[in-house]
Amino acid sequence: MSKSEQSSPEFKEIHIHNPKNKIKESKGYKVFTFFNTLIMIFIAFVTLYPFLYLVSQSFTSEQAIYAGHTGLIPEGFNIKTYIYVVTRNDYEFLKYYLNTIIYTLIGTVLSLFFSCMLAYPLSKTKLKINKILSPFVIFTMYFGGGLIANYVLMLKLELKNSMWGFILPMLISTYYVILMRSFFMSIPKDLEEAGEIDGLNKFGVFWHIARPLSTPIIATMTLFYAVMYWNNWFNAKLYLQDKAKWPVAYFLQTIIRGAGASDPDAQQMSANIKSCAMVLTVLPIICVYPAIQKYYVQGMMLGGVKE
Amino acid sequence: MRDKEKNLDQEMTEETVSELEQWSPAKITRRKRFVKDVRVNWQLYLMVVVPVAYYILFRYVPMFGNILAFRKYQSGGSIFGTGAPSFKYFGQFITSKPFWQAFSNTLILNGLYLIVRFPLTLIFALLLNEIRNLHWKKFVQTVSYLPHFISMVIVCGMIKELLSTSGPINALIASWGGEKIPFISLAQWFRSIFVVSGVWQSLGWGTILYLAAMTGINPSLYEAATVDGASHFQKVMHVTIPCILPTIATLLILDIGGLVGSGGAFEKVFLLGNPMTAETSEIVSTYVFHMGVESGSYNLATAIGLFEGLINLILLTCANLVSRKVAKTSLW
Amino acid sequence: MKTTTLKKASCIGLAVSMLSGFVACNKTTEEESSSEATTIPDQIETTVDPDANLPYTYGLGKTFHADEPVTYTMFFSDASWYPMVDTWKTEGVFEQIRQRTNVTLNIISYDSGDYMENITLDINAGNAAYIIPKIYDDSAFVDGGAIVPISDYVDKMPYYTEFYNTYNLADDIKTITRANGKYYKLPGMKEKNLINYSFVIRKDIWDAAGVDVEELQKTWDWAQFLDALKTVKAYMVKQGMCSEGDYIWSDLWCGNESGQGSGGNLLGIMASTYDCNAGWNIGNGMRYDQASDKFIFSPTTDNYKQFLTTANSFIAAGILDPETFTQDDATATAKYYSGKTAIMSINQGQYANYEENMTAQLGAGNFENYVITIPVGSTNNSTVAPERLENGVMISQKALDELGEDGFIQMLRFVDWLFYSHEAYDLTKWGVEGVHYDVVDGKKVLKDGFCCGGLGYGNNAEGTLTDIRLQWGYAGGNFWYGGTVDEMSDNLIPPVADYVARDAEYRDTPPLAPGVAPTEDQNEEINLIAAPLITNVNSWTLKFVTGQSDINAQWDEYVKSCEDLNCQGLVDIYAKLYTGK
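What counts and what doesn't
- Throughout this document, residue positions are counted from 1 along each chain, in the order its sequence is written.
- All chains are assigned letters beginning at A, and all ligands numbers beginning at 1, according to the order in which they are written.
- Local features are withheld for residues below a pLDDT of 70 in this predicted model, meaning they are given only at 70 or higher, and side-chain atom pairs are given and counted only at 80 or more; totals for whole chains, interfaces and linings count all residues.
- Secondary structure elements are taken from DSSP: a helix is a run of H or I of four residues or more, a strand is a run of E of two residues or more, and numbering for both begins at the N terminus.
- When we talk radius of gyration, it's over C-alpha atoms, and the globule rule is simply 2.2 Å times the number of residues to the 0.38.
- Exposure classification rests on a simple neighbour count of other C-beta atoms within 10 Å of a residue's own: a residue reaching 20 or more is buried, one at 12 or fewer is exposed, and one in between is partly exposed. C-beta atoms are placed from the backbone.
- Two residues qualify as a contact pair if the distance between their C-beta atoms, derived from the backbone, is within 7 Å.
- As a working rule, the residues Ala, Val, Leu, Ile, Met, Phe, Trp, Tyr, Cys and Pro are called nonpolar, Asp, Glu, Lys and Arg charged, and the rest polar, with Gly in that last group.
- As used throughout, domain bounds are those supplied by an automatic or database domain assignment.
- Any two strands with at least two DSSP-identified bridges between them are counted as paired.
- To get an axis, fit a line to the C-alpha atoms, keeping to the stretch in contact for a helix; angles then go from 0 to 180 degrees between the N-to-C directions.
- Linking buried Ala, Val, Leu, Ile, Met, Phe, Trp, Tyr and Cys residues through C-beta atoms within 7 Å yields a set, and such a set is a nonpolar core.
- pLDDT expresses how confident the predictor is about each individual residue, on a scale running from 0 to 100.
- Throughout this description, any angle smaller than 35 degrees is read as roughly parallel, any larger than 145 degrees as roughly antiparallel, any in the 65 to 115 degree range as roughly perpendicular, and the remainder as oblique.

A few words on the overall build of chain C. Along chain C, the regular secondary structure elements total 22 helices and 16 strands. Compactness check: chain C gives a C-alpha radius of gyration of 26 Å against a globular reference of 25 Å for 581 residues, within 12% of the reference. With respect to the three principal axes, the spread of C-alpha positions in chain C is 85 × 60 × 45 Å. By residue count, 49% of the 581 residues in chain C fall in the buried class. Residue pairs in contact within chain C that sit at least 24 positions apart in sequence constitute 74% of those at least 6 positions apart.

This brings us to the overall build of chain A. A tally of helices and strands in chain A yields 14 helices and zero strands. Scanning chain A from its N terminus toward the C terminus, one meets helices and strands in the order α-α-α-α-α-α-α-α-α-α-α-α-α-α. Counting all 307 residues of chain A, 39% fall into the buried class. Put simply, 67% of the contacts in chain A that link residues at least 6 apart link residues at least 24 apart.

What follows concerns the interface of chain B and chain A. Taken residue by residue, the interface counts 76 residues in chain B and 84 residues in chain A. Considering every element that reaches the side of chain B that touches chain A, the biggest residue donor is helix α3 (residues 42-60) of chain B, with eleven residues. When the residues that make up the side of chain B that touches chain A are grouped by side-chain class, the tally is 46 nonpolar, 22 polar and eight charged.

With that settled, the discussion passes to the domain arrangement of chain A. As a measure of interface size, the accessible area lost when the parts come together is often cited. Residue and element names in this part refer to chain A. For chain A, the assigned domains read domain 1 (15-78) and domain 2 (90-306). At the interface, eight residues of domain 1 touch seven residues of domain 2. Elements represented by at least two residues in the side of domain 1 that touches domain 2 include exactly α2 (27-59) and α3 (62-66). At four residues, the largest contribution of residues to the side of domain 1 that touches domain 2 is made by α2.

Moving on to the sheet that holds strand β10 (residues 343-346) of chain C. All names here are of chain C. What the three strands build is an open sheet, ordered β10-β7-β11; its pairing is antiparallel. Either end of the sheet is taken by a strand with one partner, and the two such strands are β10 and β11 (369-372). Taking the axes of each pair of neighbouring strands and ignoring which way they run, one obtains an average angle of 35° across the sheet. Summarising the sheet, strand β7 (residues 198-202) and β10 pair through four bridges and their orientation is antiparallel. When the sheet's bridge partners are listed, I201 is paired in β10 with I343.

In this section: unusual backbone geometry. Most peptide bonds adopt trans geometry, and most residues besides glycine take a negative phi value. Its identity as a non-glycine residue notwithstanding, N161 of chain A has a phi of 70°, on the positive side. Summarising the element assignment, N161 of chain A is placed in the loop between α6 (146-156) and α7 (163-167).

What follows concerns the nonpolar core. Residues M180 of chain A together with V232, I248 and F307 of chain C are the most contacted members of the largest nonpolar core, which totals 220 residues. In terms of residues, this core owes the most to one element, helix α9 (residues 187-215) of chain B, which gives eleven residues. Beyond its immediate chain neighbours, meaning those up to four positions away, M180 of chain A contacts S115, C116, A119, I217 and M221 of chain A. In this structure, F76, F94, M189 and F450 of chain C belong to the second largest nonpolar core, which totals 75 residues.

Right, let's talk about the confidence of the model for chain C for a bit. Residue and element names in this part refer to chain C. For chain C, the average pLDDT comes to 87, and 92% of its residues sit at 70 or higher. This stretch, residues 1-38, has a pLDDT under 50; its non-local contacts, to residues over four places away or in other chains, come to 15 contacts. Across the whole predicted complex the pTM is 0.86, and at the interface the ipTM reaches 0.84.

Residue and element names in this part refer to chain C. Interaxial distance between helix α5 (residues 158-166) and helix α15 (residues 397-420) falls to 7 Å at its minimum, and their mutual angle equals 50°. With respect to α15, the element α5 is oriented oblique. Between α5 and α15, the residues in contact are P158, Y159, Y160 and F163 and D416, W417 and Y420, respectively. Here the contact of α5 with α15 is built from residues that sort into six nonpolar, no polar and one charged.

Moving on to the pairing of β7 of chain C. All names here are of chain C. In terms of burial, β7 is largely enclosed, as five of its five residues are buried. Here β7 runs beside β11; their pairing, made up of four bridges, is antiparallel. Looking at β11, one finds that I201 is bridged to Y370.

Spelled out as structure tokens, the structure:
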């Protein structure tokens, strides 16, 4: 199934996803579209409802929650918990937020860069070293050193209590590298060869040809890595002892746990602390997401233009 | 195929090749070829230098910790353990019936989850790709990701509320004249609850990679198919799926290679399972937890970790072999 | 540069001399311990230093004070509901300690939820602080050599020794003594155990239903208690407060979150009235039986069967919600706060919290909370733990290595003052006398303008009072240990003090079990048998209690399943350990 064989540039303007293209819409397809829309509505409802419910709960008064309030409209509008979380100890929350933003930005950029550096050469099956390199990389997915060994390593490298202690342990995710690699593999060879004929060196081919063609996977990985850094609290727990360096995810984690009343002298936090924490964590991701999403569309068009 | 494997072995030993062996003519040409490869592709080799250094330092150096699967560890004592190495800690769980119960539960739970989730995710991705209204498509996509971001604690709390005897599901059953079912405390329901809630959580997020792969498909392929008079369904079957097959295969191989691992499942099983459902809900990681990681069976945890890794690696290798034959895609 | 090399050299020299000194000292203690390995003295004799020329003052009734300023590192469990802030160090508790003793504590804090795991990692990695407080179980650290066997040094500690001798804690200490006859943590010690966990009821509803709790509770057993609950439910149904199918008892601390999959607080309490282990107290199932003077596997005894029958009767009667054992804590509290249930678990620290939430929910005056005395099972014993010990402090070997023996003993005397002197107790719990609190008629009262959640003094409605815990770190969980009954109860609010007193009056103190000290290998064997065995016990227990399994019909099957998992092996190890004494 080689792609170059099948492509016929003359018919470029006909595109099944082109809304203007109305030809050949069979009756069966209309029925399909109808059911597809129904399924999508169902999925959107099933996934959106609990989420909206939690958002609503985060604004609902405690009394209403204890009385068993269930609904999408908050009862007795209440932002006490938000105010508590955000303002306590001189707005420490904002400091943690800033930390998270810094870690996520730096971490994501570095992760993407080094993952590409590894995944691209890995995708060249003809490269001799890959016979060693692939098993070398994949092996680490299954065998780690355990908590103690990793901790000792970080202490010895004097990375504990620094931003790098948070970022470096998850800098390159083997899982993501493999996914990137399989995308790079699907880039048509002839395009790259054409680049080399045009006088680009291997790195130039990667930068000027493979990278632009890989916008969809790079956008995806940006999202994956960013979400990974954004949500990670485990590395913070292990390697960031100094509170001033905590990311917001760890801060919220400690607050939520403190809300459990099993500790003899723990004081229960507001009943909606969990949903508040969720909204505060997810909000930025939801805001940033559409910006990343547009690259999926762009990637598609690029593919078309390049041919 | 077998030749390739052989090659690989030899390549690996090449680093430590002794003077004598270099006389072998086959070796010389292979070495020459390698040197030539480096000369031609030196930029590619340069690219991997930093990542390889990273893997050695942050992934391979800590592996010395695995020595604790063989040597006794005392908290605060040497991190290399003390005493003579032995297979005692492997014996401790391999001869234990509850371990094998947990092991098969892990396999069943992950297997069921994979069988249900994998095709559903793929179908959902294909259906999403058929939506023509871009705004609607973006909306459904974004909304379907949301469950991925709700923390496990909240998800499990909601599941329990939903399925409690005073919850909506039981209210529905009661209104149809059925008997109320305490889902959460019945062992026979645990797997279904685990799988269904898992699909709900991951369905949207799982499509991201497929959609990325689909946007990478060259549109001219569809055009050609249209010219050939292919129906819509045929285009999906003969263009879309073959083009994203490498992605499908890669994901499937990776998932199969994680069947025994319980990384992601631990938190959920821990929060959702309870002693009454133990016969179906106890998995290897909760077993390790119950054996008391903190109270000194660090050796046992390390040994089980090694064992899990080994099984997963075997599964991965098999999946990879099959995939290389069937889908012409492989990880190495 | 020069000075640093010099310093380094002298440090190494010091370390070498210290090490040799330590080896020598180790030898002598080893010789001693081999001759009298398992003897914990009834009374410790304090050793007086012949050399009185010490660089610090210390002693009973005196405040420890170092002539030269010193700094010690200390781990600190930082609770997210009263997080440590800078003012604790600049003007609060740590500064007050420094002013009195000339000792600066270099605090290495971890969030309380991760405290144990993080300090374990630090100790493992050789990165331990000198002083390691808030340790519940020290068994993991015993053989690694990172922790000092503190029993070798307690004779140097006047405050510790005095409390130990005055209240005869030798038998209690034996329960934490290890196989080599030593113990590794300085435990918080108590004159007497005060009850903590019990049940709170809606007394207004109970009174209206015609149940005279105050009289009944003196001697009631679980069956009478159940009858009382049935009366209350009948009343509630009649009043339309709930329907016949609803449960009026849906408890917290029993689900997965905090119940640890064992049935948590409720089953723990109920079982201990039947002289057996369950719930939070299941441990490895082994319990000392006074009558036969043996250690027995508690979950297969007749007592246990009785306990199961009792627990099941509450579910069967439609009083106790079976989902108690699976639901989240927040679900349970919501039901009680909103008046859907009429009884729930409580501990000393939660009373004020419940009141506050219910006032917001139901309105002041519309409810009355009352903590009951726990019903009687097969014994009249109180449910308090028999050992009069609290969590404790470990001292790392690093302190001995780095400070040298003299410096180490100096530090121990500071630790002694900080954790066992009445002066430090009052300071760390109440703040500075005359500034934060006054003593009125022998009772401590916070001064105007201050409050403290940790002491049960809530803030006013406007929130204008300064919380001495949030602001300065007083009344925090790292310092606040046992002490005398007067000390422990100096902050109890009246309703709490009332139930504590009632429990002491109506119930007997449970007898102390003899200490058994397994070796490390035995400990490993015990864990290997116990872990799957206890999972099995918990599984059956909850099925029996909730009625999924039939106690009478399936009891033998259950006992068989325990035998298959080698519960006899545990009994044998314990028998060897106990009679070996």
